[in-house]
Amino acid sequence: MPSTSLPRRDELLICFAHAAYRMKDAFLRRETGINAVEVRSVEDLFSVAPQAHVIVASGFWRNELLDRAPNLRFVQSISAGTDQYDLERFREKGVRLASAKGANANAVAEHAMALILALSRQLHTGRDHQKEKHWRGMIGDPAKREEELGGKTLLIVGLGTIGARLAQLAKAFDLRVIATKRDPSTGGGGVESIHPHSELHALLPQADIVALTCPLTPETEDLIDANALSLMKPSARLINVARGKVVDEEALISALQEGKIAAAALDVTREEPLPHTSPLWSMRNVLLTPHTAGETSRYEDNVLDILMENLERLWRGESNLRNQVV
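Residues numbered from 1 in each chain as written. Predicted model: local features only at pLDDT ≥ 70, side-chain atom pairs only at ≥ 80, totals over all residues. Heavy atoms only, no water.

## Some words on the sheet that holds strand β8 (residues 193–195)
Filter applied, for reference: Only strands joined by at least two bridges in the DSSP assignment are considered to pair. Counting from the N terminus, the helices are the DSSP runs of H or I reaching at least four residues and the strands are the DSSP runs of E reaching at least two. Working convention: axes come from line fits to C-alpha atoms, limited for helices to the stretch in contact. Angles between N-to-C directions cover 0 to 180 degrees. Two residues form a contact once any of their heavy atoms are found within 4.5 Å.
A sheet is described by the order of its strands in space; here seven strands give the open sequence β8-β7-β6-β9-β10-β11-β12, paired in parallel fashion. Only two strands of the sheet have a single partner each, and these edge strands are β8 and β12 (286–288). Neighbouring strand axes in the sheet, compared pairwise and without regard to direction, differ in orientation by 15° on average. Sheet topology note: the strand β11 (residues 263–266)/β12 ladder contains three bridges and is parallel. Within β12, the position partnered with Ala264 by the bridge is Val286. In the packing of helix α5 (residues 105–120) onto the sheet, the strands contacted are β6 (153–157), β9 (209–212), β10 (237–240), β11 and β12, and the crossing angle to β10 comes to about 155°. Lying over the sheet, helix α10 (residues 249–257) contacts β10, β11 and β12, oriented at roughly 140° with respect to β11.

## Let's talk about helix α6 (residues 123–132)
To be explicit about the condition: To sort residues, take the accessible area from a 1.4 Å probe on protein chains only and compare it with the maximum for the residue type: under 20% means buried, over 50% means exposed, and anything in between is partly exposed. Summarising the geometry, the arc corresponds to the directions from the helix axis toward the C-beta atoms.
Buried within α6 we find His124, Thr125 and His129. In a view along the axis of α6, the buried residues occupy a sector of 140°, so they form one face of it. Facing away from the buried side of α6, by more than 90 degrees, are the exposed residues Leu123, Arg127, Gln130 and Lys131. Against α5 and β12 lie the buried residues of α6. Positive phi shows up at Lys133, right after α6, with a value of about 55°.

## Regarding unusual backbone geometry
In this structure, the amide linkage connecting Glu272 to the following residue, Pro273, adopts the cis form with an omega of 0°. Along the polypeptide, Pro273 turns up in the loop between β11 and β12. Positive phi, normally seen in glycine, also occurs at Gln122, with a value near 55°. Mapped onto the fold, Gln122 is located in the loop between α5 and α6. Despite not being glycine, Asp174 shows a phi value in the positive range, around 60°. With respect to the secondary-structure elements, Asp174 resides in the loop between α7 (161–172) and β7 (176–180). You can call Asp174 exposed: its relative accessible area is 57%.

## Things to note about the pairing of β6
Consecutive side chains along a regular strand alternate between the two faces of the sheet. Most of β6 is tucked away: five of the five residues are buried. Residues of β6 alternate between two faces, with Thr153, Leu155 and Val157 on one and Leu154 and Ile156 on the opposite face, all of them buried. Across five bridges, the pairing between β6 and β7 is parallel. Each residue of the ladder has a partner; that of Val157, found in β7, is Thr180.

## A look at the sheet that holds strand β1 (residues 13–17)
The strand order across the open sheet formed by five strands is β2-β1-β3-β4-β5, and the pairing between neighbours is parallel. With one partner strand each, in any of the chains shown, β2 (35–39) and β5 (96–98) form the two edges of the open sheet. Between one strand axis and the next, the sheet turns by 15° as a mean value, whatever way the strands run. Two strands pair when backbone bridges link them, and β1 and β2 are joined in this way by five bridges, in the parallel orientation.

## Some details on the pairing of β1
To keep things clear, this is the line we draw: Orient the strands so they point away from the viewer; a crossover is then right-handed if the path from the first strand over the helix to the second runs clockwise.
The element β1 is extensively covered by neighbouring structure, given that five of its five residues are classed as buried. Of the two faces of β1, the one holding Leu13, Cys15 and Ala17 and the one holding Ile14 and Phe16 are both buried throughout. Crossover handedness for the path β1 to helix α1 (residues 23–28) to β2: right-handed. Two strands pair when backbone bridges link them, and β1 and strand β3 (residues 54–57) are joined in this way by three bridges, in the parallel orientation.

## Comments concerning the environment of Ile209
On the secondary structure map, Ile209 appears in strand β9. Along the primary structure Ile209 and Leu238 are separated by 29 residues, whereas in three dimensions their C-alpha atoms are 6.0 Å apart.

## Digging into the packing of aromatic side chains
Aromatic ring pairs are described here by two measures, namely the spacing of the ring centres and the angle between the planes. Selection criterion: Ring geometry is summarised as follows: Phe, Tyr and Trp rings, the Trp one being its six-membered ring, pair when their centres sit within 6.5 Å, and such pairs are stacked at plane angles under 30 degrees, edge-to-face over 60 and tilted between the two.
Applying the stated criterion across every chain, the model contains five aromatic pairs. Pairing Tyr21 with Tyr299 gives two aromatic rings, centres 5.0 Å apart and planes at 25°, and the pair type is stacked. Of this pair, Tyr21 sits in the loop between β1 and α1 while Tyr299 sits in helix α11 (residues 299–315), and the two are 278 residues apart along the sequence. Tyr299 carries the same exposure label as Tyr21, and that label is buried.

## Examining the side chain of Glu249
Going by this rule: Counting rule for charge: Lys and Arg are taken as positive, Asp and Glu as negative, and neither His nor the chain ends is counted. What counts as a salt bridge is simple: a side-chain nitrogen of Lys or Arg found within 4 Å of a carboxyl oxygen of Asp or Glu. Distance and chemistry together define a polar contact, namely a pair of N or O atoms within 3.5 Å, with one atom able to donate a hydrogen and the other to accept it when in protein, and with adjacent residues in sequence counting only for side-chain atoms on both sides.
Residue position: Glu249 is located in helix α10. No salt bridge is formed by the buried Glu249; its nearest oppositely charged neighbour, Arg270, is found at 5.9 Å. A distance of 3.0 Å separates the side chain of Glu249 from the backbone nitrogen of Arg270, its partner in a polar contact. Residues in contact with Glu249, not counting those within four places in the same chain, are Thr269, Arg270, Leu274 and Leu280.

## A closer look at the packing of α5 against α7
Note the threshold: The cut-offs work like this: below 35 degrees is roughly parallel, past 145 is roughly antiparallel, 65 to 115 is roughly perpendicular, and the gaps in between are oblique. Working rule for handedness: look at the near helix, and if it is turned counterclockwise from the far one by less than a right angle, call the crossing left-handed; if clockwise, right-handed. Each residue gets one label: Ala, Val, Leu, Ile, Met, Phe, Trp, Tyr, Cys and Pro are nonpolar, Asp, Glu, Lys and Arg are charged, and the others, such as Gly, are polar.
Running from amino to carboxyl end, α5 crosses α7 at an angle of 50°, the nearest separation of the two axes being 8 Å. One finds that α5 runs oblique with respect to α7. Considering the relative orientation of α5 and α7, their crossing is right-handed. Mapping the contact onto sequence places Ala105, Asn106, Val108, Ala109, Glu110, Ala112, Met113 and Ile116 in α5 and Thr161, Ile162, Arg165, Leu166, Leu169 and Ala170 in α7. For the contact of α5 with α7, the residue count by class is 10 nonpolar, two polar and two charged.

Below is the structure:
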């Protein structure tokens, strides 16, 4: 097993690997004196990896790199998710791994709040009318008008870092906030009540808005299925900034078409990009964003804050990393 100690600062080589993020530019602005390269393809990552001591990557990562990079000591994931990493092989090779958990928590929570506001104020239909050059008149039926959030109930499914931040934002709009969490005993978020996921079906009838901020696990796949949707109010809205597979998409489409729930705002879908044949594209009661909830102009620096803290910990010989995975 190779040594997990890092070379000195002036000997270290970091490889940033991402198709879009400008990690190296943000890194150079910090004037760390550490050598860095940046690649924009998996092929180039394989070419540079043998020289690198640290790799900062996400979608480009391939576990075969552990056999191609004899100098590798640490991998800082650019993403919060770490499903792509073979943790046992990392342990065998003595390579440390940390996630970017929390790097986009504010962005995702703000995006979810924006979707909630957009549906309640009918901004999505306003945009449709703008495209059609249609000036909508005043609505006589109160049930069809824009709504106010104050006093309504928001159910957050998955009260992690993102869910807790969303709860803070929601409280500012006088929403009553309840939540589910894998371990409710850990509390958090200042919500009115926290429940285990097993109580979700009992909570759904209370909710005016259901916001999904949970990770995708075997337990959460298809969590919002036809049965769950049938328990929601006909006036309820579903917000998904988690993962597409948390929702049974066919059941959701049917529920929206049949008026079993009022509307949905989806940042994620089961298949991405969403196929052109999907009915979701043309449904007036659906607002779609293309998996952009986590996008933020500050993302590079947020990840670099985690990277630099972990490098300093490794240089000090500490065993615990921020967002440690291995």
